[in-house]
Amino acid sequence: METNIFFILTTLLFLQRFGLSNNMLMPSLNVTCSERERQSLLAIKHSLTDTFNLLSTWSGVECCDWHGVGCDHRNGHVVKLDLRSQVSLETYPDGKLLKGNIPEFLGSFQRLKYLNLSHSFPAGVVPHHLGNLSRLEYLDLSYPFVKDPNRVSGFEGLPVLDDMGWVSSLWSLRYLDLSGISISKHIDWFHPISMLPSLLTLNLVSSGIKNIPSVKLINFTSLNSLDLSFNYINSTIPVWLSNLTGLMHLYLNHNYFHGEIPYLLCNLSSLVHLDISQNMVSGPIPQSIGLLLRLEDLYLHFNQLSGNIPISMGQLSKLKSLHLSSNSFETLMPDLLCNLSSLVHLDLIDNRFSGQIPACFGQLLMLEDLYLEGNELSGNIPMSLGQLSKLKNLDLSNNPLVGGVLSETYFSKLQNLNYLALSGNPLVLNFSSLWIPPFQLQTFDASFCNNGPHFPNWLRTQTHLQRLYLSNSSIIDTIPEWFENIMSHILVLDLSNNQISGKLPRFHFNNTDNVWGDGDGILSLNSNKFEGSLATFPSNVRILDLSDNLLSGHLLKQMEQ
C-alpha cells in the first residue's frame, strides 16, 4: 500500500516538474466523474454526427477515462476536452468530422481549462455560452487546413463568429486560436480580445478580417505570438503593436497592409520571427531594424520596399532567414550582409541590386539557400562561393554576369548542392568530360549559357535529375548513349534551340513520386536537327514541342504507348 502511494506521489511530482498539469492529465486514479458533467458529455455526443467514431469510447460510468476527456483528480470535474481530429482535409475532403453545431452544453463545464475542437469542423454559430468558461486557459476552435481566405469561404457549414463580446469574459485565457472561422465583417473582434490580460498566443489566420483599429491602449501586452496572416486587412501597420514588448512571433503576411514599416515596431526587442510578406508595404526598411538583436527570421518579400539596405541590419548576428525578393530595391549589392554569420537562407530575387556579387559571401558558411535571380549583378562569379559546403540551392539566373568561365573548381566543395540555376547569363561552362561532381542535382538550369559544343558529359553522373533546362546552350552534338540512364526521375526536359542531331532517345516521365507540379510534364526538343522516326513518348506528357526538326511518323500512335 505504501509503495502504491509513493508511486502516485512520484508521478504527480514528475508531471508538475515538467509543467504538465495533473488536474488535466490524470484520467482516473479511482476518481468518479461528476454525473451532471457525464450527462452533458453524452448530450454533446448525441447532438453530433460522429463520422470517424472519435467519441466511440464515450459510454459507461467513468467519463474521466473517455477519449479526449481529462478530469481534476481531486474532485472529478472535467477540466480538459480535446476533441481535435488528426484526419487531414486531403484524407477526408468533406471537411466535417463532427457534423453539427458547436454544442451549447460546452458552456456548462465551468471548471474547464482546456478546450480543443480543431480539425473537427462543427458547423454553425460559435455559441456565446463559451463565455461562461471563466477558468479556460486554452481555446482552439481553428480550421487549420487552408491558409487562404478565398478557399475557406468556399466551404459550407464552417463555424461563424457573429459576436465576440463573450471572449472578454475569458480572463484566464492564455492561448486562443480561431483560425479559419469566419468573423463577420460588422462585429468588433479587436476590443474583446484586447481585454484579455493573460493572453500569450493569438491566432486569427484566414478569418476574413478586413479591419484593424488604430488605438493607443491595449490590455493584452503579455502577448508573445500574434498571427493575423491570410486576411484582408487594408490599413497601415498599427503603431500599438510596438506596445507588445514581449512579442516573439509576429505574422502579418498575406494582407493588404500599406505605408511604411513603422520605426517603433523595432522596439520589439524580443522578436524572433517577423513576417510582413505579400502586402503593399513601401518605403525603406527602417534603420531601427538593427535593434531587433534576437531576430532569426525576417520575411519582407512581395512588397514595394525600396531604398538602401540599412547598415544596422548587419548587426543582426542571429538572423537565419532573410527574404527580400520581389521588392524595388535599387542599390549596390550590400557587403553588410556578409556580417550575418548565422544566415542559412538568403533570398533577394527580382530586385535591382547591381554591382558584383560580394566575395565575402563566401564567409557565410551556414548558408544553404542563395537566391540572386533577376537582378542587375555583373562581373565574375566569385570563387569564394565554392567554400559554401552546406549550400543546397544556388540561383544566379537572369543577371548580366559577363566574362565568366565556370570550371569544376567552383563546385568541388558543394557536395550538398541539389538546385543550380545559371540561366540567362553569358557564362561559359567549361567542365572536363571526366569530371565527377560531388553533388547530385535535382534541378539544373543553364539555358542561354554556353554549354557546348558537346553535350555536357558530366551530366551522366546526375541520376536524380528531375528538371533539366539546356535551351539555347550552343550544343552541336548528338544525344549520348548514357542519356537514357538519367531519365528515370525526369519531370521537365528542355533541350530546345540547339543543333542537336541524330535520332531521338526513348523518353519516359516518372509520375510515381507525387512531386508533379503545374509546370511539370514538359518535353521541349524544338528547333534542333533531330531526324528519323518519332520515338515513343510517355502518355503523361502535358506539353510536347518537336517543331522545327527533321522528324517523321505518326505522333498519336506514339502517344498511345
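Report follows, based on the coordinates. Computed from a predicted structure; not experimentally measured.

1. As for the packing of aromatic side chains
The geometry of an aromatic ring pair comes down to the distance between the two centres and the angle between the two planes.
Now for step 1: On inspection of all chains with the given rule, the structure shows 22 aromatic pairs.
Now for step 2: With centroids separated by 6.0 Å and ring planes inclined at 35 degrees, the aromatic side chains of Phe-220 and Trp-240 adopt a geometry described as tilted. Residue Phe-220 is found in the loop between β10 (201-203) and β11 (225-227), and its partner Trp-240 is found in the loop between β11 and β12 (249-251); the two are separated by 20 residues along the sequence. Taken as a pair, Phe-220 and Trp-240 share a single burial class, namely buried.
Now for step 3: Ring centres of Phe-507 and Phe-537 lie 5.8 Å apart, and the angle between their planes is 10 degrees; this geometry places the pair in the stacked category. Separated by 30 residues along the polypeptide, Phe-507 in the loop between β30 (501-502) and β31 (522-524) and Phe-537 in the loop between β32 (529-533) and β33 (543-545) bring together distant segments of the chain.
Now for step 4: Overall, the relative accessible area of 1% leaves Phe-537 in the buried class.
Now for step 5: Through a chain of ring-to-ring contacts, three or more aromatic side chains come together here, namely Tyr-410, Phe-411, Phe-431, Trp-435, Phe-439, Phe-444 and Trp-458.
Now for step 6: Seen from the ring of Tyr-114, Lys-80 lies directly overhead, with NZ or CZ sitting 5.1 Å from the centre.
Now for step 7: Residue placement shows Lys-210 over the ring face of Tyr-232; its charged tip is 6.0 Å from the ring centre.

2. Focus on the pairing of β32
Now for step 1: Bridge count for β30 against β32 is two bridges, and the pairing is parallel. Each bridged residue has a counterpart across the sheet, and for Gly-502 the counterpart in β32 is Phe-530.
Now for step 2: Pairing analysis gives three bridges linking β32 to strand β34 (residues 550-552), with the strands arranged parallel. Opposite Glu-531, over in β34, you have Leu-550 as the bridge partner.

Definitions and cut-offs
Residues numbered from 1 in each chain as written. Predicted model: local features only at pLDDT ≥ 70, side-chain atom pairs only at ≥ 80, totals over all residues. Heavy atoms only, no water. Phe/Tyr/Trp six-rings, centres within 6.5 Å; stacked < 30°, edge-to-face > 60°. Helix = DSSP H or I, 4+ residues; strand = E, 2+ residues; numbered from the N terminus. Buried < 20%, exposed > 50% of the residue type's maximum accessible area, 1.4 Å probe, protein only. Lys NZ or Arg CZ within 6 Å of the ring centre and 35° of its normal. Pairing = 2+ DSSP bridges.

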